[in-house]
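# Structural overview
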Amino acid sequence: MASDLEKKAKEAFVDDDFELAVDLYSQALELDPTNALLYADRAQAYIKLDSFTEAVSDATKAIQLDPSMSKAYFRKGTACMKLEEYQTAKAALEAGAALVPDDNRFTKLIKECDERITEEAMEIPPTTTRPVTVAGRTATISSTPSDSSPNANSSDSQAVSNSTVQSVAVPTKPRFRHDYYNSTTEVVLTIFAKGIPKENVSVDFGEQILSVVVDVPGEEPYHYQPRLFGKIVPEKCRFTVLSTKIEIRLFKAEAIPWASLEFSDKKALPQKVNTPASTSQRPTYPSSKSKVDWDKLEAQVKKEEKEEKLDGDAGLNKFFRDIYQDADEDTRRAMSKSFVESNGTVLSTNWKDVGAKKVEGTPPDGMELRKWEI
């Protein structure tokens, strides 16, 4: 059945009915969700519709399923170039060129990427940013190709043409509400999704693309793939999955305020804001026609985090973390000293008791504390 739909989708593509082709490929993928070729071909149909963000997502999925498919790299590179994601495009094209060294289409586009990257470097003055300690999980868009290489479709060469970059809305209605706010160096995006297991959340960061996928078995997958207002530094971005939300922190490539979260070709270019390092400044919030009390919303989110109830070790760690956060200096010293010296078996808040002596380990009943020599 999936093969029949694939055949009809190819016929629709040849007839220049790209919307029908996308629909037929989507139906085929519902029946065969691990077919890399279907994702790669739907990516090409998306490129024809100028739906470049969706094309990048499909090509990336095809690469994950089959790292040896050269045309998937070509289509990812093509779509990224349309989105002016030249660094990401170059990386994909170089990986594809390694699979088919004799295909000069890759060489041509890599050269064009180098030219565009050089132009951007000349146009944009360097921005000095303060170092930031990054904690949490970092996601990047990457893949490792193997040696085999199917032939790419000749229709790919027609995809690189001069066209206007435009933002494309996700066709499905969002299942979760989201909000964001600005700081000088980052944008914090919150997706209010309750009770989602961490292993069912996937976040990919590109130069100016964000891809969020929530795929819970038995439920319709949630996709949020905006082209961002400005460029980010993927390796410094991170996300955290909590019981009430998904918090995504986007590290800005330039210290400029974002007028919106998503890119718009009608936006005015913002001016850089030179903020002294010693000045403490509240985050700036996006403008909106509707009156939203952003301070109240921020307080509500912080309250939810504080009242968040966790089970097991996570709940116990949160309990001790809250004690440490609200404690005075002596209490913090007592907690740190007792925990370290006892090898994690004692946690005291009384500095007078533990400050003048070494804290001995106290194992739980029925257990024995041993010192291991390495």
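What counts, and at which threshold
Within each chain, residues carry numbers counting from 1 in the order of the written sequence. Reporting in this predicted model follows two pLDDT cut-offs: at least 70 for local features of residues, and 80 or more for side-chain atom pairs to be given and counted; totals over whole chains, interfaces and linings ignore these cut-offs and use all residues. Values shown for side chains rest on all heavy atoms present in the structure; no hydrogens or waters enter the calculation. UniProt positions are given in the numbering used here, feature names are shortened, and annotations may be inferred rather than shown by experiment. For each residue, the accessible area found with a 1.4 Å probe, counting protein chains only, is set against the maximum for its type, and the residue is called buried under 20%, exposed over 50%, and partly exposed in between. Each helix corresponds to a stretch of at least 4 residues labelled H or I by DSSP, and each strand to a stretch of at least 2 residues labelled E; elements are numbered beginning at the N terminus. DSSP-based pairing: two strands are paired if at least 2 bridges between them are found. To estimate the expected span of a helix, count its residues, drop one, and scale the result by 1.5 Å. Criterion for a salt bridge: a side-chain nitrogen of Lys or Arg within 4 Å of a carboxyl oxygen of Asp or Glu. To obtain an axis, a line is fitted to C-alpha atoms, over the contacting stretch when the element is a helix, and the angle between two such axes runs from 0 to 180 degrees between their N-to-C directions. Here, two residues are considered to be in contact whenever any of their heavy atoms come within 4.5 Å of each other. Among buried residues, the Ala, Val, Leu, Ile, Met, Phe, Trp, Tyr and Cys ones that are joined through side-chain atoms within 4.5 Å form a nonpolar core.

Under an unreviewed UniProt entry, the protein chain has the name Protein SGT1 homolog and belongs to Rhynchospora pubera. The UniProt entry for the protein chain carries this comment under Sequence similarities (unreviewed entry): "Belongs to the SGT1 family."

Among the 7 residues in strand β2 (residues 186-192), 7 count as buried, and that is most of the element. The two faces of β2 match: Glu186, Val188, Thr190 and Phe192 on one face and Val187, Leu189 and Ile191 on the other face are all buried. Across 6 bridges, the pairing between strand β1 (residues 177-182) and β2 is antiparallel. Note on β2: the bridge partner recorded for Tyr181 is Val188.

The end-to-end C-alpha separation of helix α5 (residues 70-82) is 19 Å, in line with the 18 Å expected for 13 residues at 1.5 Å each. Most of α5 sits out of view: 13 of its 13 residues are buried. Positioned one or two residues after α5, Glu84 has a phi angle of 65°, which is positive.

On to the pattern of salt bridges. Summed over all chains, the structure comprises 17 salt bridges. For Arg42, the salt bridge goes to Asp58, with nearest N and O atoms at 2.5 Å. A residue pair is termed long-range when its members are at least 10 positions apart, and Arg42 in helix α3 (residues 36-48) and Asp58 in helix α4 (residues 52-65) qualify at 16 residues. Neither Arg42 nor Asp58 differs from the other in exposure class; each is buried.

One open sheet holds the 4 strands; their spatial order is β1-β2-β7-β6, and the pairing between them is antiparallel. Edge strands, defined here as strands with exactly one partner in the open sheet, are β1 and β6 (238-241). Each neighbouring strand pair of the sheet contributes to a mean axis angle of 15°, computed without reference to strand direction. Sheet topology note: the β6/strand β7 (residues 246-251) ladder contains 4 bridges and is antiparallel.

Right, let's talk about the environment of Gly195 for a bit. Within the secondary structure layout, Gly195 lies in the loop between β2 and β3 (201-205). Along the primary structure Gly195 and Val241 are separated by 46 residues, whereas in three dimensions their C-alpha atoms are 9.3 Å apart.

Its 14 residues place the ends of α4 20 Å apart at the C-alpha level, agreeing with the 20 Å of an ideal helix rising 1.5 Å per residue. For α4, a buried count of 10 out of 14 residues is recorded, marking the element as mostly surrounded by other parts of the structure. Every buried residue belonging to α4 is among Phe52, Thr53, Glu54, Ala55, Val56, Asp58, Ala59, Thr60, Ala62 and Ile63, and all of these are buried. Elements in contact with the buried residues of α4: α3 and α5.

For the rest of this paragraph, the subject is the nonpolar core. Core analysis: the biggest nonpolar cluster contains 44 residues, and Met81 and Leu93 have the highest contact counts within it. Counting residues per element, the ones that place at least two in this core are α1 (2-14), α2 (18-31), α3, α4, α5, α6 (86-99) and α7 (104-123). Apart from the residues within four sequence positions on either side, Met81 is in contact with Tyr86, Ala89, Leu93, Leu109, Glu112 and Cys113.

It is worth spelling out the sheet that holds β3 at this point. One open sheet accounts for 3 strands, arranged β3-β4-β5; its pairing is antiparallel. Both outer strands of the open sheet, β3 and β5 (222-224), are each paired with one neighbouring strand and no more. Recorded for the sheet is a direction-independent mean angle of 10° between the axes of neighbouring strands. As judged from the 5 bridges shared by β3 and strand β4 (residues 210-214), these two strands associate in the antiparallel manner. Its bridge partner lying in β4, Ser202 is registered against Val213.

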